[in-house]
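Chain by chain, the residues:
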Amino acid sequence: MGEEAKQILAVITTDKSKVTGAVPIFIADSEEEKQKTALFLAKTLDAMVHDLENGIYFIVRH
Amino acid sequence: MAVILAGTLAGILTRMLLLKLDYRQYPGYPHGYISHFSLGAIASALGAVAVPALMNKDFTAFTFLALAAQQFREIRNIERQTLENLEETRLEKRGKDYIEGIARTFEARNYLVMGTAFITSIAAVLAGIWGAAAMALILILFSKNFMTGKKIGDICEVIPAEVHFKNSLLCVNEVDIMSVGLPEMREKIKREALGVMIKPKDDNARATLHDMGQRMAITHTAALIMGSKKEVDIPEFTPLARKNPDTGEVALYIMPIEKDMTSLIMAVQRTPLLESASVKPLKTQAGRIASD
């Protein structure tokens, strides 16, 4: 807790226009696909899905 | 000879009583038990032998006590290292404060044992075997009662709280805990999570709860007793204790295997109060003025 720096590992979105930058970005066609992608990524990376509540999910390792 | 025997026996008895297995399961391993028991026996023998040596005006006996103290300090290091190594593979961390507290306790208990043996030996010299027995009884009771630390339940009130969501934000009563992204996780948490509020009884308690180490000890104890649904790939289920910045109350969120509010409250209440976290701002004038 607080020992390692928190890091955004990936961003999943349905709205391409809202994200840019040096993070892996996954574009989903639907809300359902977004959730599924986020879940798979989080499970694989042992990380957690957070919701920015503007259509963007991002994955952070704590 | 009877003097030494009386002192040593009293010391060993103290160590055995203090070594009782408890929910921390430490030292729950038979080998840990044996090593602490033997060290306790050596400590009590040293304490007991010192008295006849001093009666023979053999004052160098005290040097041996110093030597023993050196050894006990080593125990503290060993305990700390062991616990820190075990910590790496734990899902709910004890936290450094808790580990330090346990290590310190192990060191201190050896001094306690040595002191018990020493004083009992003196009593045996001055008042015979019955005097020694009486003194040993008093000292053992003292060790048991005085050296048992306080618990969270002594300084705080623990009351049930509601786990709910503000959109994606997980909250326990009015305290925000964390953001949970996936809707299905939110549903599961809503169904299965438990929350309590830990309300400090005074400003001293508030300052103690401010300590992150103390809060980690609380989540660790709660998760240990209640079971926790956390897994390596499900960080959402990590038990968390977050402070209400305005009041100093702490909200605890946990995904227990056994969903039982009464036992969660009992688990939180029996969390040991860490020596390193325990502070007393009310003992200072400034602290008293600041509190209203």
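- Looking at an unreviewed UniProt entry, one finds chain B named YIEGIA protein, with Sporotomaculum syntrophicum as its source organism.

1. Brief notes about the side chain of glutamine 214 of chain B
- Counting through the fold element by element, glutamine 214 of chain B comes out in helix α8 (residues 212–226).
- The exposure class assigned to glutamine 214 of chain B is buried, which follows from its relative accessible area of 0%.

2. Quick word on the packing of aromatic side chains
- The full count for this structure, using the stated rule, is one aromatic pair over all chains.
- One Lys or Arg, lysine 34 of chain A, reaches over the ring of tyrosine 57 of chain A and ends 4.5 Å from the middle of that ring.

3. Here we look at the interface of chain A and chain B
- Contact with chain A, which involves 13 residues of that partner, is made by 20 residues of chain B.
- Of the roughly 1400 Å² buried at the junction of chain A and chain B (both faces included), carbon and sulfur atoms supply 59%.
- On inspection of chain A and its partner chain B, the count reaches one salt bridge.
- For the salt bridge of aspartate 233 of chain B with lysine 43 of chain A, the shortest nitrogen-to-oxygen distance reads 3.9 Å.
- For the interface between chain A and chain B, the tally reads five residue pairs in polar contact (both at pLDDT 80 or more).
- Breaking the side of chain A that touches chain B down by element, the ones donating at least two residues are α1 (31–45) and β3 (48–51) of chain A.
- In the side of chain A that touches chain B, the residues fall into seven nonpolar, two polar and four charged.

What counts, and at which threshold
Residues numbered from 1 in each chain as written. Chains lettered and ligands numbered in written order. Predicted model: local features only at pLDDT ≥ 70, side-chain atom pairs only at ≥ 80, totals over all residues. Heavy atoms only, no water. Helix = DSSP H or I, 4+ residues; strand = E, 2+ residues; numbered from the N terminus. Buried < 20%, exposed > 50% of the residue type's maximum accessible area, 1.4 Å probe, protein only. Phe/Tyr/Trp six-rings, centres within 6.5 Å; stacked < 30°, edge-to-face > 60°. Lys NZ or Arg CZ within 6 Å of the ring centre and 35° of its normal. Contact = heavy atoms within 4.5 Å. Buried area = accessible area lost by both parts, 1.4 Å probe. Salt bridge = Lys/Arg side-chain N within 4 Å of Asp/Glu carboxyl O. Polar contact = N/O pair within 3.5 Å; in protein donor to acceptor, adjacent residues only side chain to side chain. Nonpolar A, V, L, I, M, F, W, Y, C, P; charged D, E, K, R; others polar.

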